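Examination of the molecular architecture
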Amino acid sequence: MDKLNRYRAIIEEYMNGRAQSALASQPGAKPHIIVDRDKDEYVLMWVGWSGYKYKHGIMFHLQIMDGKVWVHEDRTDIDIAGRLVDAGIPKSDIVLGFVSPEVRQTGGYAVA
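What comes next is a walk through the structure. Note that the structure is a prediction, hence the values are computed from the model and not measured. Every residue gets a number counted from 1 within its own chain, in the order that chain's sequence is written. In view of the model being predicted, local features appear only for residues whose pLDDT reaches at least 70, and side-chain atom pairs are presented and counted only at 80 or more, with totals across whole chains, interfaces and linings using the full set of residues. Based on all heavy atoms of the structure, the side-chain values leave hydrogens and waters out of the count.

Focus on the pattern of salt bridges
Salt bridge, as applied in this entry: a Lys or Arg side-chain nitrogen positioned within 4 Å of an Asp or Glu carboxyl oxygen. Taken as a whole and assessed by the stated rule, the structure comprises five salt bridges. Connected via shared salt-bridge partners are Lys3, Lys68 and Asp93.

Notes on the nonpolar core
The biggest cluster of nonpolar side chains holds 25 residues, and the ones touching the most others in it are Ile11, Phe60, Leu62, Leu84 and Ile94. Broken down by secondary-structure element, the contributors of at least two residues to this core are helix H1 (3-20), strand E2 (41-50), strand E3 (53-65), strand E4 (68-74), helix H2 (80-86) and strand E5 (94-96). Helix and strand assignments follow DSSP, with helices taken as H or I runs no shorter than four residues and strands as E runs no shorter than two, numbered in order from the N terminus. Ranked by residues supplied to this core, first place goes to H1 with six residues. In contact with Leu84, not counting residues within four places along its chain, are Ile10, Ile11, Leu62, Val69, Val71, Ile89 and Ile94. The nonpolar core is taken to be a set of buried Ala, Val, Leu, Ile, Met, Phe, Trp, Tyr and Cys residues, with the residues joined through side-chain atoms within 4.5 Å. Using a 1.4 Å probe on the protein chains alone, a residue whose accessible area is under 20% of its type maximum counts as buried, one over 50% counts as exposed, and one in between counts as partly exposed. By definition in these notes, contact holds between two residues if any of their heavy atoms fall within 4.5 Å.

Observations regarding the packing of aromatic side chains
Each pair of aromatic rings taken from Phe, Tyr and Trp, with Trp reduced to its six-membered ring, is defined by centres within 6.5 Å and is described as stacked if the planes are under 30 degrees apart, edge-to-face if over 60, and tilted in the remaining cases. This model, assessed by the stated rule, comprises two aromatic pairs. On the numbers, 5.7 Å between centres and 40° between planes, the contact of Tyr14 with Phe60 is tilted. Taken together, the residues span a long stretch of sequence, with Tyr14 in helix H1 and Phe60 in strand E3 at a distance of 46 residues. In this structure, Tyr14 and Phe60 share a single accessibility class: buried. Remark: a charge is flagged as sitting over a ring if the NZ atom of Lys or the CZ atom of Arg is within 6 Å of the ring centre and within 35 degrees of the ring normal. One residue, Lys91, lies across the ring of Tyr109, its end atom 5.0 Å from the ring centre.

So this is what it looks like as structure tokens:
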């Protein structure tokens, strides 16, 4: 399997696993997985009612660009980048897009 397809498979497997787990802070909300294969974008969000409050939010947003996995958003406490490394994507191929380019240089992940 080539690198791009391997990264896609890792991301989708991770997203599916995350969507299966309950989100204690958002009871009643359901996971929605959004995949755009043309742009290689992957979003996991939660939508639904929790009591009298409507919940709608992104847990994380990933994109594969130029052979690297960009973490555009990570609103979890589980370190998605670390989980991707554990699944086989090297740090040198992960960009923390939500971190300023100046700070990225010191984090051990790809700069861009």
